[in-house]
Amino acid sequence: MLLKLDKLSKEYTIEKKKSFSALSNVNLNFEKGEFVSILGPSGCGKSTLLNIIAGLDQPTTGDLIIEGKSTKKYKKRNWDLYRKNNIGFVFQSFNLIEHLSALENVEIVMNLIGLPKKQRIERAKDLLKQVGLETHMDHKPGELSGGQKQRVAIARALANDPDIILADEPTGALDKKTGIQIMQLIKEVAQDKLIIMVTHNRELAYEYSTRVVAILDGKILKDENINESEKNSLKSELKKKDGKMSFGDAMKLSLRNIKQKMGRIVVTTIAGSIGIAGILLVIGLSNGATDYIDVQTNSFASANIIQTSMRFKDVALQKTDYPKDIKVYDSIKKNPEVLKVRENLGVKDIASYEVNNETLKDITFNSLAGEKYLLNIEHALKGRAPKDDKNELLVNKDMAKKIIEKYGLNPDKDDYTKAIGKKIKVVIQEKSTDPITAALVLGKKYTQDFEVVGVVDEIALSSSSVYYSYDAVDAWLKKDGYFAGKENRVVNAEVVIKDVHNNEKVLNYINAKENGGIGGEKMTEAKGFYATSQIVMVKSLMTTLINLAQAVMIVFISVALVVSAILIGIVIFSSVLERKKEIGILKAVGARNKDIARIFRAESALIGLFAGVTGVVAAFIIQPIANQIINNVLNINADNIVNIPLTGIPFTDIQIPFVTVISLIFISILVAVLAGHFPSRRATKIQVVDALRDE
Ligand code: ADP
Ligand code: MG
């Protein structure tokens, strides 16, 4: 026995406690090869019976026994499998998917059993030929007559080669002549199957079926065999194959659906792309601005110099704790970026200058740390810079004026070159405000004649009156025994960086604990090297500000993303409502909830992809325009103040090309899929029987 309906009853709850009995105590047996007509007036329970046999609805009491097995314990999954493999359904109202062609309507069912594409198409073509539609395979349902639509539906019902064909008034919507053709067709193509057909046409029922079951008010009235000779008693096992709709197929289905609703999709895509483009441009702006600041600050004269000093714990309290032998700059010298390490041996700010035994007042001293530094002041230099192996000085205009006056000369207006060639005496002072340097010079006084070789007009970021060469002062003090017993004691050092762009890197290198730096320790409690650079500080402050501004802007722009997510959610939701019938059809032929959800997830993913790509394209189109505007408005001369980075995104360091762009497209897809999640879930909740009744 293929199917057995055992004391089957169905009650519908109408209002709260009222119920209506659509079927009561139905007992029926069905065998393979039978063509059974269910006959009865409208509302007697025919469709209810058919839906229960199809597994679309479950009985209130009683059992549907399939091949001797009770279905009382069937789960959703068992019913899906049963429908997919064993049931072919033909509806009165055809229930074809409007946006698919005849061929695709047949093919889609085979998607669910996981047949390869080529085989699906071949089989769908064969089936359509069988039902006499070879010339209409590419027609959409709207371009087919009622009879042709029903032929497509029959081909679809046969697609998975089911064992049972259920037809609910298949000729109900057709004229008499076409109805007869359809009856003949069903009979012809489903000879070896069990056919259960609902009809209220007595004539057709008796003419074509092998058995007629009459129903009235939910009860069996009559069950008679006719055309006994035609009955094929075939025995075969029910199929139990499993398969699922692939994401690619779901994607294709969504693409077709999207094509149907272009306008809506375009609006959603644009809405979604605004956020993506905005984020890209903000990232681009902060990237470009950071670069701009980098270039600007690096062009300062002292950008390649890092001031470094040694920190000692409790140094202010106990001068005598000053270590005797510290090779503090060994690690610095190992850094390949370091051009020169100049030791500032405590002479800075502790010397005074004398001309003719008179001390010059209001003098600040600074050292010149290498040729690169000098290059930057070339434009303001009269005479030349001090040589490393000579006791020579470079002075500013004020100092030059003082020297000229001390020599009893009159300074010419704006021309202070008279100071060049004059000799002055440099005196190392014994007292100093800095305890470390005081310790160095305690008890001795050193003097040396220096010759003025240059006058400088201005020096960026420096306001010293006198400049000297480290090497010269160093050599002089060494020669005079100033450092006797104090070798290797470096208190301050100026580190010159080869490539100015690396100043921050080298600064961090010097400060790193493993290189002798103080690491993250508090300055007052630390022991070790401590490097500072005004340029790096300015730069990092600016960068912090830019990053902060970027974060704030991205938060605002994210609102646009949220809005577009809501829009996508609404679009998917209305798509679910519109495609209710399609969902019903797919479920009726055995699609699982997963398959249904996948269709809408694919649709959201596609919208997200469109939005992401559109946003990226828009951002790159806007980029040069924005640059032009910013350059004009701010009156600056930077090529790329908006510069979308293609490698590395602010929150990652991974150097994959296009990582920023790819990440944002990915984010767009993710947002869309999340937005589409709940509507997709809603789609799976749609009841087949409800969906297909909606006509
Ligand atoms: P038929 O197909 O023979 O015309 P149906 O099986 O569709 O009849 O319906 C049988 C009876 O059950 C009808 O009176 C119908 O109104 C009722 N009915 C069908 N489906 C529902 C439902 N979901 N809720 C309440 N009543 C229903
Ligand atoms: Mg009905």
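What you are looking at is a predicted structure, and each value in this text was computed from that prediction instead of being measured.

*Asks:* Give me the lowdown on the pattern of salt bridges, citing residues and values where you can.
*Replies:* Inspection of the entire model under this criterion finds 17 salt bridges. Where Asp6 meets Lys7, a salt bridge forms, and the shortest distance between an N and an O atom there is 4.0 Å. The exposure class of Asp6 is partly exposed, given its relative accessible area of 24%. Between Asp163 and Lys32 there is a salt bridge, with the nearest N and O atoms lying 3.1 Å from each other. You can see Asp163 sitting in the loop between helix H5 (146–159) and strand E7 (164–168) and its partner Lys32 sitting in the loop between strand E2 (19–30) and strand E3 (35–39), a full 131 residues away along the chain. Given a relative accessible area of 4%, Asp163 falls into the buried group.

*Asks:* So what about the nonpolar core? Which residues, and what values?
*Replies:* Core analysis: the largest hydrophobic core is formed by 101 residues, its most contacted members being Leu3 and Leu128. When residues of this core are assigned to their parent elements, the largest contribution, seven residues, is made by H5. When residues no more than four places from it in sequence are discounted, the contact partners of Leu128 are Ala102, Leu103, Val106, Leu133, Glu134, Met137, Val152 and Ala155.

*Asks:* Got a sec to walk through the sheet that holds E7? Specific residues and values, please.
*Replies:* Pairing in this open sheet of six strands is mixed, and the strands run E6-E7-E8-E3-E9-E10 from one edge to the other. The open sheet has two free edges, formed respectively by strand E6 (87–90) and strand E10 (219–225), since each of these has just one partner strand. The sheet shows a mean angle of 15° between the axes of neighbouring strands, direction not considered. Of the pairings in the sheet, the one linking E6 to E7 comprises four bridges and is parallel in character. Pairing of Ile87 across the sheet is with Ile164, part of E7. Each of E6 and E7 is contacted by helix H2 (residues 76–86), which is oriented at about 75° to E6, the strand it contacts most.

*Asks:* Provide a residue-level description of the packing of helix H9 (residues 262–298) against helix H16 (residues 534–578), including the pertinent values.
*Replies:* Angle between the axes and distance between the axes: these two values describe a pair of packed helices. As a packed pair, H9 and H16 sit with axes 8 Å apart at the nearest point and diverge in direction by 175°. Relative to H16, the element H9 lies roughly antiparallel. Residues of the contact of H9 with H16, tallied by class, amount to 21 nonpolar, 13 polar and four charged.

*Asks:* Run through the site of ligand 1, naming residues and quoting values.
*Replies:* The local shell around ligand 1 holds 12 residues, among which Gly43, Gly45, Lys46, Ser47 and Thr48 are the closest. Lys46 places a polar main-chain atom, nitrogen or oxygen, 2.9 Å from an oxygen atom of ligand 1. Thr48 is positioned with one of its side-chain polar atoms (N or O) 2.5 Å from an oxygen atom of ligand 1. In isolation ligand 1 offers 560 Å² of accessible surface; the protein chains occlude 68% of this area. Of all the elements in the fold, those that place two or more residues in the shell around ligand 1 are E2 and helix H1 (46–53). Of the residues belonging to the shell around ligand 1, the class tally is five nonpolar, five polar and two charged.

*Asks:* Which residues make up the packing of helix H3 (residues 102–111) against H5, and what values go with them?
*Replies:* Between H3 and H5, the least distance of the axes is 8 Å, while the angle of their chain directions is 20°. For the element pair H3 / H5, the angle class is roughly parallel. Here the hand of the crossing between H3 and H5 comes out right-handed. In this structure, H3 contributes Ala102, Asn105, Val106, Val109 and Met110 to the contact, and H5 contributes Val152, Ala155, Arg156 and Ala159. Taken together, the residues that form the contact of H3 with H5 break down as seven nonpolar, one polar and one charged.

*Asks:* Tell me about helix H17 (residues 580–588), and name the residues and values.
*Replies:* With seven of its nine residues buried, H17 lies for the most part within the structure. Residues Glu582, Ile583, Gly584, Ile585, Leu586, Lys587 and Ala588 constitute the buried set of H17.

*Asks:* Please give an account of a nonpolar patch on the surface that cites residues and values.
*Replies:* Residues Leu609, Val613, Val617, Ile621, Ile625, Ile629, Val633 and Leu634 make up a contiguous nonpolar surface patch of about 720 Å² in total accessible area. As for its position among the elements, Ile629 is in helix H18 (residues 593–634).

*Asks:* Residue-level account of the packing of aromatic side chains, with values.
*Replies:* Throughout the structure, instances matching the rule amount to three aromatic pairs. When the ring of Tyr74 is compared with that of Trp79, the centres are 4.8 Å apart and the planes differ by 65°; the resulting orientation is edge-to-face. Overall, the relative accessible area of 7% leaves Trp79 in the buried class. Measuring from centroid to centroid gives 5.8 Å for Trp79 and Tyr82, while their planes differ by 65°, and the two rings are edge-to-face. Here Trp79 pairs with Tyr82, and both are found in helix H2, just three residues apart, close to one helical turn. For the pair formed by Trp79 and Tyr82, the shared burial category is buried. One aromatic cluster is present, built from ring pairs that chain together Tyr74, Trp79 and Tyr82. Stacked on the ring of Tyr407, the Lys or Arg Lys422 has its end atom at 5.8 Å from the ring centre.

*Asks:* How would you explain the environment of Val506 if you had to name every residue and give the values?
*Replies:* Within the secondary structure, Val506 sits in helix H15 (residues 503–511). Along the chain, Val506 and Val338 lie 168 residues apart, while their C-alpha atoms are 7.8 Å from each other. With residues up to four places along the chain from it excluded, the contact list for Val506 reads Ile306, Asn335, Glu337, Val338 and Ile497.

*Asks:* Could you give me a rundown of the side chain of Arg120, with the residues and numbers involved?
*Replies:* Mapped onto the elements of the fold, Arg120 is located in helix H4 (residues 117–130). Overall, the relative accessible area of 4% leaves Arg120 in the buried class. Not counting residues within four places of it along the chain, the set of residues in contact with Arg120 comprises Glu107, Met110, Asn111, Leu115, Asp249 and Lys252.

*Asks:* Quick one: what's the story with empty space enclosed by the protein, residue by residue and with numbers?
*Replies:* Taking a probe equal in size to a water molecule and rolling it over the atoms shows the remaining empty space. Under the defined criterion, the tally for this structure stands at five cavities of 30 Å³ or more. As for the largest cavity, its lining consists of Ala380, Lys382, Lys397, Asp414, Asp415, Tyr416, Thr417, Val455, Val456 and Asp457.

*Asks:* So what's going on with the pairing of E3? Residues and values would help.
*Replies:* Counting buried residues along E3, five of its five residues qualify, which places the element largely inside the surrounding structure. Side chains Phe35, Ser37 and Leu39 project from E3 onto one buried face, and the interleaved Val36 and Ile38 project onto a second face that is buried too. As judged from the five bridges shared by E3 and strand E8 (residues 194–199), these two strands associate in the parallel manner. Bridging across to E8, Ser37 finds its partner in Met197. Strand direction decides the pairing type here: E3 and strand E9 (residues 211–216), joined by four bridges, are parallel. Following the sheet pairing, Ser37 is matched in E9 by Val212.

*Asks:* Got a sec to walk through the environment of Ile667? Specific residues and values, please.
*Replies:* Tracing the sequence through the fold places Ile667 in helix H19 (residues 659–684). Considering only alpha carbons, one finds Ile667 and Ile276, 391 residues apart in sequence, at a separation of 8.7 Å.

Conventions used here
- Residues numbered from 1 in each chain as written.
- Chains lettered and ligands numbered in written order.
- Predicted model: local features only at pLDDT ≥ 70, side-chain atom pairs only at ≥ 80, totals over all residues.
- Heavy atoms only, no water.
- Salt bridge = Lys/Arg side-chain N within 4 Å of Asp/Glu carboxyl O.
- Buried < 20%, exposed > 50% of the residue type's maximum accessible area, 1.4 Å probe, protein only.
- Helix = DSSP H or I, 4+ residues; strand = E, 2+ residues; numbered from the N terminus.
- Core = buried A, V, L, I, M, F, W, Y, C linked by side-chain atoms within 4.5 Å.
- Contact = heavy atoms within 4.5 Å.
- Pairing = 2+ DSSP bridges.
- Axes fitted to C-alpha atoms, helices over the stretch in contact; angles between N-to-C directions.
- Parallel < 35°, antiparallel > 145°, perpendicular 65-115°, else oblique.
- Nonpolar A, V, L, I, M, F, W, Y, C, P; charged D, E, K, R; others polar.
- Near = heavy atom within 4 Å.
- Polar contact = N/O pair within 3.5 Å; in protein donor to acceptor, adjacent residues only side chain to side chain.
- Areas by Shrake-Rupley, 256 points an atom, 1.4 Å probe, with all protein chains shown as cover.
- Left-handed = near helix turned anticlockwise from the far one by under 90°.
- Patch = residues over 30% accessible without salt bridge, like charges linked within 9 Å, V, L, I, M, F, W, Y side chains within 5 Å.
- Phe/Tyr/Trp six-rings, centres within 6.5 Å; stacked < 30°, edge-to-face > 60°.
- Lys NZ or Arg CZ within 6 Å of the ring centre and 35° of its normal.
- 1 Å grid on protein atoms, 1.4 Å probe; cavity = no way out; pocket = protein on both sides within 12 Å on 5 of 7 lines; lining within 4 Å.
- Points joined across faces, edges and corners; volume = space filled by probe spheres on them.

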